[in-house]
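Structure assessment
Read off the chains here:
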Amino acid sequence: MGLQQQLAEYFEFEELGTDLRTEVVAGLSTFLTMSYIVFVNPSILVGGTEGSPVGVKPGIIVEGVSYAQTVQMVAVVTLIAAAVATLIMALYAKRPFGQAPGLGLNAFFAFTVVGALGVPWETALAAVVVEGLLFILLTAVGARKYVINAFPTPVKLAVGTGIGLFLTIIGLEAMGIVVDDPATLVTLGAVASDPVAIVSVVGLFLTFALYARGIRGSIVLGILFTTVIGYVAAQVGLGSPAALTGQLGAQATYDISPLAGAFVTGLQDVDALAFSLIVFTFFFVDFFDTAGTLVGVGQVAGFLDEDGDLPEIEKPLMADAVGTTVGGMLGTSTVTTYIESAAGVEEGGRSGMTALVVALLFLVSLAFVPIAAAVPLYASHIALVVIGIVMLRNVVEVAWDDITVAIPAGMTILIMPFTYSIAYGIAAGIVSYPLVKLAAGRRGEIRPGHWALAGAFVLYFVVRTGGVLTGAV
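Below is a summary of the structure that appears in this document.

A short note on the overall build of the chain
- Across its full length, the chain carries 23 helices and 4 strands.
- Since a compact globule built from 473 residues should have a radius of gyration of about 23 Å, the 22 Å found for the chain is in line with a globular shape.
- By its C-alpha atoms, the chain is 70 × 65 × 45 Å across when sized along the principal axes.
- Per-residue burial over the chain gives 54% buried out of 473 residues.
- Of the contacts made within the chain by residues no fewer than 6 positions apart, 79% connect residues no fewer than 24 positions apart.
- For the chain, the computed accessible surface area is about 18,900 Å², with 64% contributed by carbon and sulfur atoms.

A short note on the environment of Ala 75
- Inspection of the secondary structure assignment puts Ala 75 in helix α5 (residues 67-93).
- Ala 75 gets classed as buried once you look at its relative accessible area, which sits at 0%.
- Separated by 22 residues in sequence, Ala 75 and Phe 97 have C-alpha atoms that sit 21 Å apart.

As for unusual backbone geometry
- With a phi close to 55 degrees, Lys 94 is a non-glycine residue in the positive phi region.
- Following the sequence through the fold, Lys 94 ends up in the loop between α5 and β1 (99-101).
- For Lys 94, a relative accessible area of 29% gives the class partly exposed.
- For Leu 185, which is not a glycine, the phi torsion comes out positive at approximately 75 degrees.
- Note that Leu 185 resides in strand β3 (residues 185-188).

Structural notes on the pairing of β3
- In this sheet, β3 lies alongside strand β2 (residues 178-181) in antiparallel orientation, the contact comprising 4 bridges. Within β3, the residue paired with Asp 180 across the bridge is Val 186.
- The loop that links β2 with its antiparallel partner β3 comprises 3 residues.

Examining the environment of Gly 455
- Locating Gly 455 in the fold gives a position in helix α23 (residues 448-465).
- Along the sequence, Gly 455 and Ile 430 sit 25 residues apart, while their C-alpha atoms lie 9.3 Å from each other.

Examining helix α21 (residues 403-419)
- Given a rise of 1.5 Å per residue, 17 residues ought to cover 24 Å, and the 23 Å separating the end C-alpha atoms of α21 matches this to within 8%.
- When α21 is considered as a whole, its buried residues turn out to be Thr 404, Val 405, Ala 406, Pro 408, Ala 409, Gly 410, Thr 412, Ile 413, Met 416 and Pro 417.
- In this structure, the buried residues of α21 make contact with α9 (153-174) and α22 (422-439).
- Positive phi shows up at Tyr 420, right after α21, with a value of about 60 degrees.

Each value, and the rule that gives it
- Residues numbered from 1 in each chain as written.
- Predicted model: local features only at pLDDT ≥ 70, side-chain atom pairs only at ≥ 80, totals over all residues.
- Heavy atoms only, no water.
- Helix = DSSP H or I, 4+ residues; strand = E, 2+ residues; numbered from the N terminus.
- Rg over C-alpha atoms; globule rule 2.2 N^0.38 Å.
- Buried < 20%, exposed > 50% of the residue type's maximum accessible area, 1.4 Å probe, protein only.
- Contact = heavy atoms within 4.5 Å.
- Areas by Shrake-Rupley, 256 points an atom, 1.4 Å probe, with all protein chains shown as cover.
- Pairing = 2+ DSSP bridges.
- Expected span 1.5 Å × (residues − 1).

Okay, here's the thing in C-alpha cells:
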C-alpha cells in the first residue's frame, strides 16, 4: 500500500469527499493566512526594544540576552508550540484546523499580567501551564457544557469584539497612528511627518487592499512589504534607521533554554488569589475563543450537526489544551485555534491532512527564524489592526435591542481597549449582568454561577485596590 493510499484511508478522504491534492492546497492556504503570528507573537511578548532599558515595556525580558536574540527565541517557541498543537489536531482530532499562540491572549499576557499587574513573566508562563492542564482535565471529563453555562451569554458574544478593539489600539499605537495626549488621552499621530507613521499607513492600506482582494497570505505580504519600505526609507535618509528597521543582521538563535522551563521558577512565592484569577482569565478567553472558532469554521466546512454543535468537539479542544501546556512550558502564551483555518476549509480542506500540512510548514519555517528579528515592530503590528477589524463582526450576534444584554455586552467591549486589559472588560460584563437582570425583574435568567463569578471579580478588585496584588505575585 502506497503512502498516498495510507493517508487517504487514515484521514478518510473518500468519506469526506476530498483528496490529497485538495488537502495540501488547503493546508498551504491556512498556513499563509496565519503565518503572520511568527512575526507578531515575539513583537508582543518581548518587552522593550534593542538598546532600551530593561522594563521599558512589559513582556519577556531575559537578563543577559539581547532583544534580537529574545525575539528569535520566542519565534522558535512559537513555531514549535504551533506545530505540536496542530499535529495533535491533525493526527488525533483529524480536523482541518490550524493552531498557534493566540492574538489577544498574548496581549493579555504582556500588557495586563506582566505590565499592569507587575507579575514576573515566569509566573505568567506558569499561569499558562496551569490553565492548559486545567483545560486538559475539563476536556477529558467532558465538562465543556458546564463551563459554558457558567458564563453570561452576552459576555461570551462580546469578548471577540472587545479583543478586536484592544488589538487594534495596540497596533495603531505601535505604528504611530495613535499617540498619547494629555488632554484627550489619545489622539491622531503625526501621520504626515513621522516616517514610521507614514510607512505604517502605506503598509496598512496595502494590506487592507490585499486582504479585500482575497489574496492568500495578504497579512504576511503586507508585513514584509512594509518592512522593505522602512528599510528603503532609512537608506535614503527619510528617517532614523533605529526607528524604521529591525535587527537585519541578527544571527539565528535556536537555544531556547532561557525560556524553556522558566514556568517552574514562576510557581515560587506566588499569591494564590492573584494567580488563580490570572489562570481563570487565561482559561476563559482561551476556552470561548477556541470553542467559537471551532464552531464557526466547522459551520463553513459543514461539520455541525442539526443542533449547531461540532461533533466530538472534545478532540480539537484537547489539541488546544495540550498545545497551550506545551507552549507555556517552552515559553509562549496560550495556544488557540485560528479563525484563519477557514481559508483552508474554503479551499476544500476537510480532514486532518490539512492540519498536518500546516504543522509541517511551521516546522520548515524554523529555518527562517532570523527574519522575525528583522521585522520592525510597526510592520508586525499591521496584523493586529487587520485581525482586530475582522473580529468586530462578532458584534452582530449581540441582541442590542435588549438593554439587559446590551449593558454587559457593551461594558465588555468598551472597557477592554479603554483600560488596556482584556480581564477588566470581562469583569465589567460579568459583574453588570446579574445586576441589570435583577433590576429589570428578570431574576429567573440569573444562575447561581453568575453571582459567584461576579462576586469573585468584585473581591479581586477590592483586594487589588488595597494593594495586595500590586507586585505581590
